[in-house]
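Per-entry structural report
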Amino acid sequence: MASAAAASPSLSLNQTSHFQHQTSLFTWLKPPSSSALFRSKTLPFFERHSLPISASSSSSSSSTSLSVHEKPISNSVHFHGNLIESFENQDSSYAGTIKGASLVEELENPVERNGLSGRRRLFMQDPPWISALFLKGLSKMVDQTVKIEHKDIDKRKFDSLRRRQVKEETEAWEKMVDEYRDLEKEMCEKNLAPNLPYVKHMFLGWFQPLKDVIEREQKLQKNKSKKVRAAYAPHIELLPADKMAVIVMHKMMGLVMSGHEDGCIQVVQAAVSIGIAIEQEVRIHNFLKRTRKNNAGDSQEELKEKQLLRKRVNSLIRRKRIIDALKVVKSEGTKPWGRATQAKLGSRLLELLIETAYVQPPLTQSGDSIPEFRPAFRHTFKTVTKYPGSKLVRRYGVIECDSLLLAGLDKSAKHMLIPYVPMLVPPKRWKGYDKGGYLFLPSYIMRTHGSKKQQDALRDISYKTAHRVFEALDTLGNTKWRVNRKILDVVERLWADGGNIAGLVNREDVPIPEKPSSEDPDEIQAWKWSVRKANKINRERHSLRCDVELKLSVARKMKDEEGFYYPHNLDFRGRAYPMHPHLNHLSSDLCRGTLEFAEGRPLGKSGLHWLKIHLANLYAGGVEKLSHDARLAFVENHLDDIMDSAENTIHGKRWWLKAEDPFQCLAACVILTQALKSPSPYSVISHLPIHQDGSCNGLQHYAALGRDSFEAAAVNLVAGDKPADVYSEISRRVHEIMKKDSSKDPESNPTAALAKILITQVDRKLVKQTVMTSVYGVTYVGAREQIKRRLEEKGVITDERMLFAAACYSAKVTLAALGEIFEAARAIMSWLGDCAKIIASDNHPVRWITPLGLPVVQPYCRSERHLIRTSLQVLALQREGNTVDVRKQRTAFPPNFVHSLDGTHMMMTAVACREAGLNFAGVHDSYWTHACDVDTMNRILREKFVELYNTPILEDLLQSFQDAYPNLVFPPVPKRGDFDLKEVLKSQYFFN
């Protein structure tokens, strides 16, 4: 350190020597960070150091950067009081004074003070890092106090949200019961029914009669001897009649609103759904009943047991040991009922609903008319053929809904109870098959659809084996979302105006054609066809309207929340899905546009770049297939349209409505407009998720497995100036084949005439769906139907027979072109199918372990019918048999295996993004994050893809088959090409 003598030429020798003596008592330390200085600003007043210095000194030192100023002593107290302000002023010039200690020398005139006469004092302002050093202990105390306060606030907030979440999961039916009781009371007091939405008005009319008959049934079964009691008797008593009535009504109407054809629901489905709902509620009801207030008749032991149980559960919840608390709850319930018990109880409750639920048509103007009441539901039977034109028929029982019931239902779908809503707190971490997800609602890590083999495989898995799968699901579940209110407001306005815009369904039905007055058979037949078509369209619209209302009802409920979470689980192949079924980011453009990340991050320079590309991708119409520079140019050329869309959404030019994904495009227009109009565009906070999508992702995985260079280039595994478009490549090849066929003689080659008609119809759109689904096992019949729909849309071929023939020919040519271009992929598909056939022929389901350790079992077995006699009818329940379905096992294995690989890639990317501090959401082959983090995510997803396929996946699969079935002989793995996987790291259009 420089000598104190070099302090300043204006200091005397005595002053300098005294300064040397004082400064020798401590060591100058490294300056603290600016954050430490900012913390120091908030500290309370503290005493400064004053150095008494002789006035008769002269300067004898060289100049330094230490400045000295003389000020009267009277100002010293004022200086002390404004020390914090002094620090603030210094902070702006801190960089300039960092080279030396900035001193403030306060020299006073000779006065008598504290017995010192003729002395002058030098008041030095400590350098910022010295002040921070003196205040280190106090600063730590203040910081610690602030942290504790924030932690307490966060904990109180979290506990409050968790209590609300527990109530949502455990007391939903209780609240509905209370609501109907209150409505009944109001109706009785005012002697008229309150003004209610259609659904609630019906429920109110059904509630009391249904509750009464359930109570009567409970008493009747209770008074019977065990020998004559019904099979459902022990279970119908497990819930209060009012709660059971509410569950039956809501479950039944939920099924009606799911869009079942002709307003009919299969009895088996309805009975089992009601039975499952009752069983779930019984578990929670028993626990709540057991831990509530003590009953007068309880013994001392029972009281003590209740008290200990309450304390134990409360203690576990306070310590956030929710899983242990759930174990206590589960121990309070009964053993699993099984499908037979659920079906028998559900059938009886369904029968009681049919007996008591009525609807009333609108009254006529005539006062003499007698009010008409009709049953809301009727039990009947339907007969259907197994295949069109087949003589094999099947007869099954259905619950048919009255037309009046369906008429106003889609307008009040929002009043239905939805049990699996987004969570207000992060989901429980996954630890096993049924350990994770929701706090109390039943949650399973995989949707096994009743496959016992798959359930057993998952139950046997250890946490150590599948911990990476659990971590990935936890990562997806911990992404915090919120409702984009501006987009929701736009959706609400368009929906209120009748829909039929921006992808919203028309809220009005198609009018049914009137019967012609003519008796001409052809006219009558045409009228019947038109009526049938109109009814079909109206059923579809009804289903879509209900779907929109359910989505909007969840959005309305969650729009005022700071944020919410989606617990995720897997399908049997290992693909992740949100457990909430309605408003989620895997759903339609309406849902995706209405959702955004709860956390906002500044755009930054790269974020603004990716936001523009994202907007171009959402607009689509071929723009998404251009190079990045061309997409940016497209956005620049439409800035006026983009700003008009954001600022004058409804009454402006409505450019955003031309987009392929209008609501998502509008959300991007809003944030881009904010950025461009801001004086600091890069600092604008964005909550918008930016998507990076794979290019025909299934074929990308096959190209990586086969290492074929040509196929890799076709699906963007190799860097290029612009994205390669595999669909355009296939359509060109199809066009070449058809052009060649069209030149042949029509008499000897019947396809020549079809080729001449179709040659002008072939484009990218015609073949896209078939190419996309080819890797997922599309059959010739499936391809034919896909292409037929596209040809119908074009409207060039109107004759049904000609249309069918053209679709058959086009499908055949398209699949042939696929086989020519993607030969290596076809070889791998065939090999996978052959292996599956060998295993299934030995009556074993195909099993494999994903690279992340998830066991997968194909559930395709020939089902067995299990007949159950109920009070309503004999139900035929389908259950998993012991004989595997060889055909399904073979055809489904290639696509299922590839799905398990794309799910693996997504989960590997999710965990790596979390470790890098990114927010991440995944939709199979579409990865989402904040705009500013897209570059990081792009690097990670490419690295994880290379890491995944650097392992010998097919060789490991073959080895696992040989180990599991040593007596079976499998074909060798197809030969690989010489493509270098590291090329993927340099391909900007791999995901884009």
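Note: the structure precedes this text.
Rules behind the numbers
- Residues numbered from 1 in each chain as written.
- Predicted model: local features only at pLDDT ≥ 70, side-chain atom pairs only at ≥ 80, totals over all residues.
- Heavy atoms only, no water.
- 1 Å grid on protein atoms, 1.4 Å probe; cavity = no way out; pocket = protein on both sides within 12 Å on 5 of 7 lines; lining within 4 Å.
- Points joined across faces, edges and corners; volume = space filled by probe spheres on them.
- Helix = DSSP H or I, 4+ residues; strand = E, 2+ residues; numbered from the N terminus.
- Nonpolar A, V, L, I, M, F, W, Y, C, P; charged D, E, K, R; others polar.
- Contact = heavy atoms within 4.5 Å.
- Axes fitted to C-alpha atoms, helices over the stretch in contact; angles between N-to-C directions.
- Parallel < 35°, antiparallel > 145°, perpendicular 65-115°, else oblique.
- Left-handed = near helix turned anticlockwise from the far one by under 90°.
- Buried < 20%, exposed > 50% of the residue type's maximum accessible area, 1.4 Å probe, protein only.
- Disulfide = S-S within 2.5 Å.
- Pairing = 2+ DSSP bridges.
- Salt bridge = Lys/Arg side-chain N within 4 Å of Asp/Glu carboxyl O.

Some remarks on the layout of surface pockets
- Approximately 1,100 Å³ is the volume attributed to the second largest pocket.
- Lys-625, Asp-693, Gly-694, Lys-768 and Met-772 are the residues nearest the centre of the second largest pocket, which is lined by 39 residues in total.
- For the lining of the second largest pocket, the secondary-structure elements that each account for two or more residues are α22 (604-619), β18 (690-693), α26 (697-706), α28 (726-742) and α30 (764-774).
- Looking at the lining of the second largest pocket element by element, the count peaks at four residues for α30.
- For the lining of the second largest pocket, the per-class residue count stands at 13 nonpolar, 13 polar and 13 charged.

Here we look at the side chain of Arg-790
- Its place among the elements puts Arg-790 in helix α31 (residues 780-794).
- With residues near it in sequence (within four places) discarded, Arg-790 still touches Lys-765, Leu-766 and Gln-769.

Let's talk about the packing of α30 against α31
- It is at 9 Å that the axes of α30 and α31 come closest, and there the two elements cross at 160°. The pairing of α30 with α31 is recorded here as roughly antiparallel in orientation. The handedness of the crossing between α30 and α31 is right-handed. The segment α30 lies against α31, with Lys-765, Leu-766, Gln-769, Thr-770 and Thr-773 engaging Ala-783, Gln-786, Ile-787, Arg-789, Arg-790, Leu-791, Glu-793 and Lys-794.
- Of the residues that constitute the contact of α30 with α31, the class distribution is four nonpolar, four polar and five charged.

Notes on the environment of Asp-933
- Relative to the helices and strands, Asp-933 is located in the loop between β24 (926-929) and α35 (934-949).
- Here Asp-933 falls in the buried class, since its relative accessible area comes to 11%.
- Asp-933 sits 327 residues away from Ser-606 along the chain, and the two C-alpha atoms are 8.3 Å apart.
- In this structure Asp-933 touches Arg-601 and Leu-918, once residues within four positions along its chain are discounted.

Side note on the state of the cysteines
- Counted according to the given criterion, the structure contains zero disulfides.
- Of all cysteine sulfurs, the one in Cys-401 lies closest to Cys-264, which takes part in no disulfide; the gap is 7.0 Å.
- We classify Cys-264 as buried; its relative accessible area is 10%.

Some points on the sheet that holds strand β12 (residues 564-565)
- The strand order across the open sheet formed by three strands is β12-β11-β15, and the pairing between neighbours is antiparallel. Both outer strands of the open sheet, β12 and β15 (595-597), are each paired with one neighbouring strand and no more.
- One ladder, built from two bridges, connects strand β11 (residues 480-483) with β12; its direction is antiparallel. When the sheet's bridge partners are listed, Lys-480 is paired in β12 with Tyr-565.

Details of the pattern of salt bridges
- Counting across every chain of the model gives 41 salt bridges.
- Residue Arg-556 is joined to Glu-492 by a salt bridge in which the shortest nitrogen-to-oxygen separation is 2.7 Å. With a gap of 64 residues between them, Arg-556 in helix α20 (residues 521-558) and Glu-492 in helix α19 (residues 485-496) connect regions that are remote in the sequence.
- Residue classification places Arg-556 among the partly exposed residues on the basis of a relative accessible area of 24%.

Overview of the sheet that holds strand β23 (residues 921-923)
- On the basis of which strands lie adjacent, the open sheet formed by three strands has the order β18-β24-β23 and antiparallel pairing. At either end of the open sheet lies a strand with only one pairing partner, and these are β18 and β23. Here the average twist between neighbouring strands, direction ignored, is 25°.
- Most of the contacts of α35 go to β24, to which it runs at about 145°, and overall it touches β18 and β24.

Nothing here speaks to function; it is geometry throughout.
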